[in-house]
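# Coordinate inspection notes
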Amino acid sequence: MSSLLAADWLVRPLATTDLPLVLVIEQASYRLPWSVDLFATLLQAPDALALGCLQPTPEGALLAGYLCGQWLPDAVEIHNVASRPDLRRCGVARRLFAVLEAQMRQRGCDQMLLEVRRGNLAALNLYLQLGFVEQGCRRGYYRDGEDALLLGRLLAPV
Ligand SMILES: CC(C)(COP(=O)(O)OP(=O)(O)OC[C@H]1O[C@@H](n2cnc3c(N)ncnc32)[C@H](O)[C@@H]1OP(=O)(O)O)[C@@H](O)C(=O)NCCC(=O)NCCS
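Report on the accompanying structure. (Residues numbered from 1 in each chain as written. Predicted model: local features only at pLDDT ≥ 70, side-chain atom pairs only at ≥ 80, totals over all residues. Heavy atoms only, no water.)

## With respect to the site of the ligand
Rules: The nearness test applies per residue and asks whether one of its heavy atoms lies within 4 Å of the molecule or strand. Under the rule applied, a polar contact is a pair of N or O atoms within 3.5 Å (in protein, one hydrogen donor and one hydrogen acceptor; residues adjacent in sequence only if both atoms are side-chain atoms). Helix and strand assignments come from DSSP, with helices taken as H or I runs of at least 4 residues and strands as E runs of at least 2, each series counted from the N terminus.
Close to the ligand lie 22 residues, the nearest being V81, R89, G91, R94 and N120. In the model, an oxygen atom of the ligand is placed 2.9 Å from a nitrogen or oxygen of the S83 main chain. Note that an oxygen atom of the ligand is positioned 3.0 Å from one of the backbone N or O atoms of A93. In terms of residues, the shell around the ligand owes the most to one element, helix α4 (residues 121-130), which gives six residues.

Written as structure tokens, this is what we have:
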């Protein structure tokens, strides 16, 4: 499928009404998925970063993926990024990051931070393609013993 498919799909803040579909995608995407309560708490936080990408369909817009995290004073920390399994490699994650980047520029924030499993090659490819660089490693960080790589990306000035 074309990785440009989602290039123009609507991205908007997640709402609590999105949570049932967020949970379906989360559970299909992570070995240790977040609970609905964690997402609900995140959405209520004043510093919440929660974006959803919507796939247009004849029946209406359907959640295609999401990106969640936290706004820090001069950076954003990204906690979850996932796209629907049937829409992977269509550009959903790239679209979410493009909108995040635009929001960061509006706020004068220029740094993205995240952790990724060492063996998550799809995510690592995505992040390297976006310009993230490795800043450290937490050995055995995840409950199953896998290392977490700490990645950061500084937005280039426009
Ligand atoms: C990682 C993930 C979010 C990527 O989402 P996506 O919507 O499929 O990504 P995109 O279509 O925007 O792809 C952008 C780039 O990411 C890389 N990429 C994405 N999936 C890939 C895969 N399976 N293998 C290799 N590279 C991949 C490619 O560089 C791709 O660009 P290209 O298609 O032009 O080559 C998705 O695979 C996912 O939801 N995984 C499960 C959850 C997860 O691991 N999240 C990250 C946790 S840190």
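From this point, things continue past the structure.
## Structural notes on the pattern of salt bridges
Side-chain pairs of opposite charge can arise where the charged atoms are in close proximity. Which entries qualify depends on this criterion: The term salt bridge refers to a side-chain nitrogen of Lys or Arg lying within 4 Å of a carboxyl oxygen of Asp or Glu. For each residue, the accessible area found with a 1.4 Å probe, counting protein chains only, is set against the maximum for its type, and the residue is called buried under 20%, exposed over 50%, and partly exposed in between.
Under the definition given, this model contains 11 salt bridges. R31 is paired through a salt bridge with D144; the nearest N and O atoms lie 2.8 Å apart. Here the residue R31 occupies a position in the loop between α1 (19-29) and α2 (36-44), and D144 occupies one in the loop between β6 (133-138) and β7 (148-154), the gap between them amounting to 113 residues. Given a relative accessible area of 57%, R31 falls into the exposed group. Accessibility expressed as a relative area gives 44% for D144, which makes it partly exposed. E101 is the salt-bridge partner of R153, the closest N and O atoms lying 2.8 Å from each other. Of this pair, R153 sits in strand β7 while E101 is found in helix α3 (residues 92-107), placing the two residues 52 residues apart along the sequence.

## Quick notes on the pairing of strand β3 (residues 60-71)
Our working definition: Strand pairing requires that DSSP identify at least two bridges connecting the strands.
Looking at chain direction, strand β2 (residues 48-57) and β3 are connected through 10 bridges and run antiparallel. Paired with L49 across the bridge in β3 is G69. Turn length for the β2-β3 hairpin, with the two strands adjacent in sequence and antiparallel, is two residues. Of the strand pairs in this sheet, β3 and strand β4 (residues 76-83) are connected by seven bridges, and their pairing is antiparallel. Looking at the pairing, G69 lines up with I78 of β4.

## Looking at α1
Test applied: Note on contacts: a residue pair qualifies if any of its non-hydrogen atoms lie within 4.5 Å across the two residues.
Within the sequence span of α1, burial applies to L19, V22, L23, I25 and E26. Residues of α1 that are buried sit in contact with α2, β3 and β4.

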